[in-house]
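The residues making up each chain are set out below.
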Amino acid sequence: MEILRMILSDTRTDRRKFVLMLMVSAIGTTLIVALVNRAVHAAEDSGQFGLAMAFLTSVVVFTIAQRYVMMESAEEAERMIERLRIGIMNKVRMADLKAMQGIGRAPIYAALTREAQTISTTLPVIIIGAQQSVLLIFVSFYLAYLSLVAFALVGVFGVCAIWFHITRLRMLQESTGRLNAEQGKLFEEFRGVLSGFRELTLNERRGDSILRRIALISEEARVLANEIKATWAREYVLTQTLFYILLGLMVFIVPNFTESYHDVVVQATIGALFMIGPLGALAQSIPAVNDAARALQNMRHLEEGLTAAVADSVDEEAERLDRRAHQTLTLDALEYQFEDGNGQTSFALGPISAEFKAGEVTFITGGNGSGKSTLFRMMTGLVHPMGGHVALDGTPVRLSQYSDYRDQVGVVFADYYLFGELHGLEHLPPARINSVLRLMELSEKVRYENGAFTTTDLSAGQRKRLALAVAILQDTPILMLDEWAADQDPQFRRTFYEALLPDLRDQGKIVICITHDDRYFGVADRVYHMVDGKMSRER
Ligand SMILES: Nc1ncnc2c1ncn2[C@@H]1O[C@H](COP(=O)(O)OP(=O)(O)OP(=O)(O)O)[C@@H](O)[C@H]1O
């Protein structure tokens, strides 16, 4: 019972109080049954007032305890999800890029949305199931006290019903797994339609084809879901019918065989009737346990994957780099390989050696697929080289210093992401931020106000200028830009090469640009060229 262990180990609820309230609520219900029975039995006697008062007290006690249990379990579910969510996000932030690419975005989205939602809805059901089990024990004792025959009958029925339920559940596990896989595929297709909306709108045949595929997967998911729901529905009706047969046995058949049962037949039947609800709740909580356990297992699995990703990248205590301004960044025989599905090397980069100096602008050029982006990821510190090392002022950057190294590098990727707020730069005076926006010729379009840009709804070229503004504001000693000018108009492209880059060079920064703009190669102090994973100095 992983789920129970997790609830118990992770909970912030006062466990003793919770269990006490659980018992109090069960005792309250049992008392209600007993008092109803007593009142029915003593209908003509005096003393009904006392019974009514006791009944009322039991109802009040039950209400208070039950409310506590339900509200506390709902709150606990949300607290648990919050902890898991923040834990996963923290690990995502610390994980290394390669491991993150291996895990993929889909399981992370699924954990943060679907699995979290499953835990949120199922946890209270499980708690109620546990509570109803306690209640069943109490009412069973009461039934045994009334009549051992009734107790035995209901007991045999209850055990058979639950066993039947669990068997069904096992049978359905495989279909449930298949349904989840189908739903996963469906979400992936939905994502494709929403992300590729423009492409689909422009091409009717492509749009029709993807919709046909969605319809096919959707139908498979519907048939599976239907199958599962129909099985549950059949079982639900069968259980109800069996229960009515049980009541019939208790009222019409058993009294004919035992004399002692005659006196308590009504009370025992009322007791048994009170067990329908708890048995139903218990039955409902069993698939909930299953769902929650699966959701939890997926979240745990993801957390473990992320922990390994973090451990891979931070396998020593984080160390800071020397704080002085660095004069050289050296790549010493860097190597990296990609493997295909059969474990064969599909692309080998390196060994690559190069030197970049403070107060110099370096261009890296090369054809498509020559390895520029792979090298770029290693230089930015996002991916660790498989061979060789990066060095600052001749001292190799240790794995434990990588996090600090990344802090020294300002980057604009070719497929950059633009945050609407200046996270981590909140301390900068707005005047400084707005002056960089002016430098980027953006001040007519966007301003920095109240801790955020007034808009990021800009043209592609303007958005990229904003991304560069953010990198400049970070004021790091090293700046790396991947095909930054590719979508700039000729006028600003010129400003970039002939004004902005020289200005950054004059500030003593190490500036490295991947570029294809051969018109401006004269601006660079050094030019490296890449061909098929190897890099040579051109200038
Ligand atoms: N995730 C990956 N898995 C396997 N192979 C990859 C992966 N990413 C890149 N490659 C391979 O590595 C080689 C170099 O890719 P890279 O993206 O570094 O080239 P690039 O020079 O940046 O190209 P471009 O100018 O087109 O962006 C390519 O041949 C590519 O097939």
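Because the structure is predicted, anything quoted here is derived from the model rather than measured.

## Thoughts on the site of the ligand
Part 1 of the reasoning: Around the ligand lies a shell formed by Phe-338, Phe-347, Gly-367, Asn-368, Gly-369, Ser-370, Gly-371, Lys-372, Ser-373 and Thr-374.
Part 2 of the reasoning: Gly-369 places a main-chain nitrogen or oxygen 2.8 Å from an oxygen atom of the ligand.
Part 3 of the reasoning: Here an oxygen atom of the ligand sits 3.2 Å away from a polar atom, N or O, in the main chain of Ser-370.
Part 4 of the reasoning: When isolated, the ligand has an accessible area of 640 Å², and the protein chains bury 60% of it.
Part 5 of the reasoning: With three residues, helix H11 (residues 372–379) is the single largest residue contributor to the shell around the ligand.
Part 6 of the reasoning: Here the residues of the shell around the ligand sort into two nonpolar, seven polar and one charged.

## Concerning the packing of aromatic side chains
Part 1 of the reasoning: By the definition in use, this model includes 16 aromatic pairs.
Part 2 of the reasoning: A centroid spacing of 5.7 Å and a plane angle of 70° characterise the contact between Tyr-448 and Phe-453, whose relative ring orientation is edge-to-face.
Part 3 of the reasoning: Owing to a relative accessible area of 5%, Tyr-448 belongs among the buried residues under this scheme.
Part 4 of the reasoning: The buried category is assigned to Phe-453, whose relative accessible area is 8%.
Part 5 of the reasoning: Between the NZ or CZ atom of Arg-465 and the centre of the ring of Phe-492, over which it lies, the distance is 4.0 Å.

## As for the UniProt feature "domain: ABC transporter" (unreviewed entry) in the chain
Part 1 of the reasoning: In the numbering used here, UniProt assigns the feature "domain: ABC transporter" (unreviewed entry) to residues 329–539.
Part 2 of the reasoning: The span residues 329–539 shows a helical share of 26% and a strand share of 32%, and its end C-alpha atoms are spaced 17 Å apart.

## Quick notes on the domain arrangement of the chain
Part 1 of the reasoning: Domain annotation for the chain reports domain 1 (148–259) and domain 2 (328–537).
Part 2 of the reasoning: Between the C-alpha centres of domain 1 and domain 2 there is a distance of 53 Å.

## Points about helix H8 (residues 204–253)
An α-helical turn contains 3.6 residues, so a residue and the one three or four places further along point in the same direction.
Part 1 of the reasoning: Compared with the 74 Å implied by 1.5 Å per residue over 50 residues, the 70 Å span of H8 between its first and last C-alpha is a close match.
Part 2 of the reasoning: With a side-chain oxygen positioned 3.1 Å from the backbone nitrogen of Arg-205, the residue opening H8 is Asn-203.

## As for the environment of Thr-118
Part 1 of the reasoning: Mapped onto the elements of the fold, Thr-118 is located in helix H5 (residues 105–146).
Part 2 of the reasoning: Taking the relative accessible area as the measure of exposure, Thr-118 reaches 14% and is therefore buried.
Part 3 of the reasoning: It is 7.0 Å that separates the C-alpha atoms of Thr-118 and Asp-291, two residues lying 173 residues apart in sequence.
Part 4 of the reasoning: Filtering out sequence-adjacent residues up to four positions away, Thr-118 remains in contact with Asp-291, Ala-292, Arg-294 and Ala-295.

## Remarks on the packing of helix H2 (residues 15–41) against helix H3 (residues 48–94)
Part 1 of the reasoning: Where H2 meets H3, the closest approach of the two axes is 8 Å, and the angle between their N-to-C directions is 150°. When the axes of H2 and H3 are compared, the pair comes out roughly antiparallel. Along this stretch, H2 crosses H3, giving a crossing that reads as left-handed.
Part 2 of the reasoning: Here the residues of the contact of H2 with H3 sort into 18 nonpolar, seven polar and three charged.

## Notes on the sheet that holds strand E12 (residues 534–537)
Part 1 of the reasoning: Taken in spatial order, the six strands of this open sheet run E6-E9-E10-E3-E11-E12, and their pairing is mixed. Single-partner strands in this sheet number two, and they are strand E6 (409–412) and E12. Averaged over all adjacent pairs, the angle separating strand axes in this sheet is 20°, with direction ignored.
Part 2 of the reasoning: Sheet topology note: the strand E9 (residues 478–482)/strand E10 (residues 510–514) ladder contains five bridges and is parallel. Bridged to Leu-479 within E10 is Val-511.
Part 3 of the reasoning: Of the strands in this sheet, E6 and E9 touch helix H14 (residues 460–473), which is tilted by about 175° from E6.
Part 4 of the reasoning: Seen against the sheet, helix H15 (residues 490–506) touches strand E3 (360–366), E9 and E10 and runs at an angle of roughly 130° to E3.

## So, helix H13 (residues 430–439)
Part 1 of the reasoning: Among the residues of H13, Ile-433, Asn-434, Val-436 and Leu-437 are the ones counted as buried. In an axial view of H13, the angular spread of the buried residues amounts to 155°, which keeps them on one side of the axis. Turned more than 90 degrees away from the buried face of H13, the exposed residues are Ala-431 and Arg-438.
Part 2 of the reasoning: The inward-facing, buried residues of H13 contact strand E7 (448–449), strand E8 (452–453) and H14.
Part 3 of the reasoning: Backbone geometry just after H13 places Glu-441 at a positive phi near 55°.

## Thoughts on unusual backbone geometry
Part 1 of the reasoning: With a phi angle near 50°, Asp-475 is a residue other than glycine that sits in the positive phi range.
Part 2 of the reasoning: With respect to the helices and strands, Asp-475 occurs in the loop between H14 and E9.
Part 3 of the reasoning: Of note, the phi angle at Asp-532 is positive, near 50°, even though the residue is not glycine.
Part 4 of the reasoning: A relative accessible area of 55% means that Asp-532 is categorised as exposed.

The rules we used
Residues numbered from 1 in each chain as written. Predicted model: local features only at pLDDT ≥ 70, side-chain atom pairs only at ≥ 80, totals over all residues. Heavy atoms only, no water. Near = heavy atom within 4 Å. Polar contact = N/O pair within 3.5 Å; in protein donor to acceptor, adjacent residues only side chain to side chain. Areas by Shrake-Rupley, 256 points an atom, 1.4 Å probe, with all protein chains shown as cover. Helix = DSSP H or I, 4+ residues; strand = E, 2+ residues; numbered from the N terminus. Nonpolar A, V, L, I, M, F, W, Y, C, P; charged D, E, K, R; others polar. Phe/Tyr/Trp six-rings, centres within 6.5 Å; stacked < 30°, edge-to-face > 60°. Buried < 20%, exposed > 50% of the residue type's maximum accessible area, 1.4 Å probe, protein only. Lys NZ or Arg CZ within 6 Å of the ring centre and 35° of its normal. UniProt positions renumbered as here; feature names shortened; annotations may be inferred. Domains from an automatic or database assignment. Expected span 1.5 Å × (residues − 1). Contact = heavy atoms within 4.5 Å. Axes fitted to C-alpha atoms, helices over the stretch in contact; angles between N-to-C directions. Parallel < 35°, antiparallel > 145°, perpendicular 65-115°, else oblique. Left-handed = near helix turned anticlockwise from the far one by under 90°. Pairing = 2+ DSSP bridges. Arc of directions from axis to C-beta.

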